[in-house]
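# Close look at the chain arrangement
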Amino acid sequence: MSSSSAASKRPSDQELTQTYNSMKAELNQLAQKIGELETEADEHTLVVDTISPLDGDRKCYRLVGGVLVERTVKEVLPALKTNQEGIRTVTMQLVQKYKNKEDEFMAFQKKYNIQVKN
């Protein structure tokens, strides 16, 4: 009886494939989002480096919710730096989440002896 209950606990090949594919897709989505955020952080860095040496009263335009608004450098720079730090924080959290999911994925592969053949 214990051998039949152990056999019934193992998912079918179809279930394993489905779980494998969904875990892999989730890893790909996380990697894509991390890439997008890193690009956005690089753009913020470029803008901050460009406008930092400028006079604080100089006109500056910023896209807010799809609307271009006129501000000054001294108004925009703190907001940009805050956004940049927020993006970095979220990126670090996503990288940690990615590592955790990757560990889960590797453990899943090892547990069910899944080997990918090309």
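Residues numbered from 1 in each chain as written. Predicted model: local features only at pLDDT ≥ 70, side-chain atom pairs only at ≥ 80, totals over all residues. Heavy atoms only, no water.

In the annotation of an unreviewed UniProt entry, the entry for the protein reads Prefoldin beta-like protein, and the organism field reads Linnemannia gamsii. For the protein, the Sequence similarities (unreviewed entry) comment in UniProt is given as "Belongs to the prefoldin subunit beta family." (UniProt positions renumbered as here; feature names shortened; annotations may be inferred.)

To continue, consider the environment of Phe108. Position of Phe108 relative to the elements: it lies in helix H3 (residues 73-111). Taking relative accessible area as the criterion, Phe108 reaches 11% and is therefore assigned buried. In sequence terms Phe108 and Tyr20 are 88 residues apart; their C-alpha atoms lie 8.1 Å from each other. Not counting residues within four places of it along the chain, the set of residues in contact with Phe108 comprises Leu16, Thr19, Tyr20, Met23 and Ile114. (Helix = DSSP H or I, 4+ residues; strand = E, 2+ residues; numbered from the N terminus. Buried < 20%, exposed > 50% of the residue type's maximum accessible area, 1.4 Å probe, protein only. Contact = heavy atoms within 4.5 Å.)

Applying the stated criterion across every chain yields a total of six salt bridges. Among the ionic pairs, Asp57 bridges to Lys74, the shortest N-O distance being 2.9 Å. Linking Asp57 in the loop between helix H2 (13-51) and strand E1 (59-64) with Lys74 in helix H3, this pair joins segments that are 17 residues apart in sequence. In this pair, the class of Asp57 matches that of Lys74, namely exposed. Put simply, Arg88 and Glu85 hold a salt bridge, and the shortest N to O gap is 2.9 Å. You can see Arg88 and its partner Glu85 sitting in helix H3, three residues apart, about one turn around the helix. Using a relative accessible area of 36% as the deciding quantity, one classes Arg88 as partly exposed. (Salt bridge = Lys/Arg side-chain N within 4 Å of Asp/Glu carboxyl O.)

All chains considered together, the criterion is met by two aromatic pairs. Geometrically, the ring pair formed by Tyr20 and Phe105 is tilted, given 5.1 Å between the ring centres and 40 degrees between the ring planes. Note that Tyr20 is positioned in helix H2 and Phe105 in helix H3, a separation of 85 residues in sequence. The class of Phe105 is buried, set by a relative accessible area of 6%. (Phe/Tyr/Trp six-rings, centres within 6.5 Å; stacked < 30°, edge-to-face > 60°.)

Right, let's get into H3. Look at H3: 56 Å from first C-alpha to last across 39 residues, which is about the 57 Å you get at 1.5 Å a residue. Residues of H3 that are buried include every one of Val73, Val76, Leu77, Leu80, Gln84, Ile87, Thr91, Leu94, Phe105, Phe108 and Gln109, and no others. Along its buried surface, H3 packs onto H2, E1 and strand E2 (67-72). Looking one or two places after H3, you find Asn113, whose phi comes out positive at around 50 degrees. (Expected span 1.5 Å × (residues − 1).)

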